[in-house]
Amino acid sequence: MIVKMKKVSLVILNKDKEAALKTLRQSGIVHLENIEGTGEKLAAVKATSSKLVEAESLLGSLKPAKKGLNQVQCSNEEALKKAERALEITEQKKNLFERIANDTSEIDRLAAWGSINLEDIKYLSEKGVNFGMYEIPSEKYSLIGEDFQTVTVNKEKGTTRFLLITESDDAERPEGLPPDAYQVNLPEDSTDVISARIVEAKAEINKLDKEFAELAYYHSAIKNYNKLLQKDIEFENVFSGMETDNSDALNSLSWLTGYVPVDELDNLKKVAAENNWAIASDDPSEEDMVPTKLKNNKFVSLIYPLTDFLGTVPGYHEYDISGWFLFFFTIFFGMIFGDGGYGLLVTLLSGIMLIKNAAKKKSSPVLGLVFLVGLATVAWGFVTCTWFGLTPAQLEAYGLGFLNKITVPLLSNSYKYLPDGETLRTWSLPWTAPGVGVTVDQNLQIFCFSLALLQLSVAHIKGIFRNIGDKSLKFIADFGSLAQLIGMFYVVLSMVVSSEIFPLDLVVNGIPVAQIALYCVIGGFALSFIFANYEGNLIKSIMESVKNIISVLLGVVNVFSDIVSYIRLWAVGLAGAAISNTVNTMAGDIGGHAIMFVAVVALLVFGHGLNMILNLLSVIVHGVRLNTLEFSTHLGMSWSGFKYEPFSETVKK
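Below is a summary of the structure that appears in this document. (Residues numbered from 1 in each chain as written. Predicted model: local features only at pLDDT ≥ 70, side-chain atom pairs only at ≥ 80, totals over all residues. Heavy atoms only, no water.)

**Section: the nonpolar core**
Okay, step 1: I321, F329, F449, I563 and L569 are the most contacted members of the largest nonpolar core, which totals 67 residues.
Okay, step 2: Per element, the largest residue contribution to this core is 12 residues, and it comes from helix α14 (residues 440-469).
Okay, step 3: With near-sequence residues (within four places) excluded, F449 lies in contact with F489, V492, L493, V496, V497, I563, V564 and I567.
Okay, step 4: By size, the runner-up hydrophobic cluster in this structure holds 27 residues, among which are V8, I29, V260 and Y316. (Core = buried A, V, L, I, M, F, W, Y, C linked by side-chain atoms within 4.5 Å. Buried < 20%, exposed > 50% of the residue type's maximum accessible area, 1.4 Å probe, protein only. Helix = DSSP H or I, 4+ residues; strand = E, 2+ residues; numbered from the N terminus. Contact = heavy atoms within 4.5 Å.)

**So, the pairing of strand β1 (residues 5-13)**
Okay, step 1: Pairing between β1 and strand β8 (residues 253-261): nine bridges, direction antiparallel. Within β8, the residue paired with S9 across the bridge is T257.
Okay, step 2: Bridge analysis of β1 against strand β9 (residues 278-282) gives five bridges, and the strand direction is antiparallel. Bridge pairing in β9 links V11 to A278. (Pairing = 2+ DSSP bridges.)

**So, the pattern of salt bridges**
Okay, step 1: What the rule picks out here adds up to 21 salt bridges.
Okay, step 2: Here K41 ties to E236 by a salt bridge, and the two come within 3.3 Å at their closest N and O atoms. A residue pair is termed long-range when its members are at least 10 positions apart, and K41 in helix α2 (residues 40-59) and E236 in helix α7 (residues 219-241) qualify at 195 residues.
Okay, step 3: Judged by relative accessible area, which is 54%, K41 ranks as exposed.
Okay, step 4: R625 is the partner of E630 in a salt bridge, and the nearest nitrogen-oxygen pair spans 2.8 Å. (Salt bridge = Lys/Arg side-chain N within 4 Å of Asp/Glu carboxyl O.)

**Here we look at the packing of helix α10 (residues 322-337) against helix α12 (residues 365-384)**
A pair of packed helices is characterised by two quantities: the angle between their axes and the separation of those axes.
Okay, step 1: Where α10 meets α12, the axes come as close as 8 Å, and the angle between the chain directions of the two elements is 55°. As summarised for this structure, α10 and α12 are arranged oblique, according to the angle between their axes. Crossing handedness for the pair α10 and α12: right-handed. Contacts between α10 and α12 involve L326, F329, T330, F333, G334, M335 and F337 on the former and, on the latter, L369, L372, V373, A376, T377 and W380. (Axes fitted to C-alpha atoms, helices over the stretch in contact; angles between N-to-C directions. Parallel < 35°, antiparallel > 145°, perpendicular 65-115°, else oblique. Left-handed = near helix turned anticlockwise from the far one by under 90°.)

**Overview of the packing of α10 against α14**
Okay, step 1: The contact between α10 and α14 brings their axes to 12 Å, and the two run at 170°. Between α10 and α14, the interaxial angle falls into the category roughly antiparallel. Along the contact surface, α10 presents W324, F328, I331, F332 and M335, while α14 presents F447, C448, L451, L454, Q455, V458 and K462.
Okay, step 2: Its residues placed into classes, the contact of α10 with α14 shows 10 nonpolar, one polar and one charged. (Nonpolar A, V, L, I, M, F, W, Y, C, P; charged D, E, K, R; others polar.)

Limitation: the analysis is restricted to geometry and does not speak to function.
Here is the structure:
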């Protein structure tokens, strides 16, 4: 359930603000409204944290940090120094790499000229011999007039490089030189000096890399210090962001607002009385951003690791569907994962880990959830007789024929085909057209749509009871939506499963089933149209529906598509079974040779392992979707909430 909250306001003396906040943090029961603090101290703490975060990220890429081996414990001051040094090394390496890139580019630019010594050039200049470096296409070299004194350096790939001797040390291009002659600028340093500088820079980088690798052993210390620093940031944010009366008087006041669980309100009042704080409490309004605190038994709480991973939190004024989420997700997991053999592996591995944790007196909701969905998959394996993709004949051949009997015939692979391979149609169900057989695949589809009817009906029944509790006639609209759902269920069976099995004129034992379904859709639509927007005035409710007539009509189509969406449970499970069967077939084709035994085992392990991973991804995509989209849409949930996280000494992860 969603724990009821009280909105509280605390007023304290400005001079006692720091001590009061420390006491409030120790109590750990007030979720504060969003406060944006300012000030030099807050900025300094955030800057320090930023350094630690950056250093933690940089050092985390190295093996000692990844493995967590030989981590050095040190003081927070030392951890900060190590973090700052890591950032300094990173910046130094960046500069060195830039220098190497520039110097390498310069060496490449002058490579065709050979070694250039600026000291020699300076010496010649002092003797009155000045020259410039030029390149020109070889066929144009003859165009240089005899007035110019040149010395050819080399000819390579159609380019001639030459020195142009001048009497003046003026670097400007002389007039009369062919335009194709390109002047090459002299380097700032001799090429030997540049090359030596590259070698030195690379050596310096190697040295810095070794030092950086040593700093990786301080990764945990840096990470831990940053976690502790988050408390200081939170505290300073609140301290500097609290509202005040802006008075310099001795008894000036500060105040803040937050939310407290109803069962913790008395504890807060006691703390307030002991510290001479003024306190006021009231029920939150519809406009308030109230945090959500969920409270359920240990079994229902098994779903929390999944919802935490997804980041889904119901709004304070929405529903806590943790129990229903767990119930249906468990079923969906079993159907999508699909294979009892896979489920058995999951159950055994998680069960062993649970026993080990129990021996160490540890609890793991994640393992509990994995164990539960593993059992669900085993159960579905029994229901459908699906074990590692083996056919009923293969189960008999391997001495596992009893599995063909411990099953549910209507949904079982063991009853899917006649001996000659023809699809078996032997079941004429009470709710289908007389004398028409139903296949196993059709029964599985009916089962999927029945789950849709069940889950989506729960959503509307919850809406009915909530609106009855609120004394709102909107409960009639929810009743209409429920009627639409029931009627549309039959339409889906007729259009998707089989119009022969579920004809639109079906009568069972004198009851016009199809006609009743049609009345449910029409009547349910009418009730929803009239009462969906009811706020005390029936005419206004109808007019609001008229204004949104397109959305209202599309709502009927959405009911159909939402039910059909549950077919994914059968389709994805069928795809997984097909992959399992393919892997077994491939292994069987090469299984007759003893020398290929290892290859067969490797193929089976890889193939079934990959299939398990794909099935797990399918569960996350499809199994979660049906709860957080289809089911939640019919509930009217948007998952707009955020967690109750009180101002406390505990570091939030």
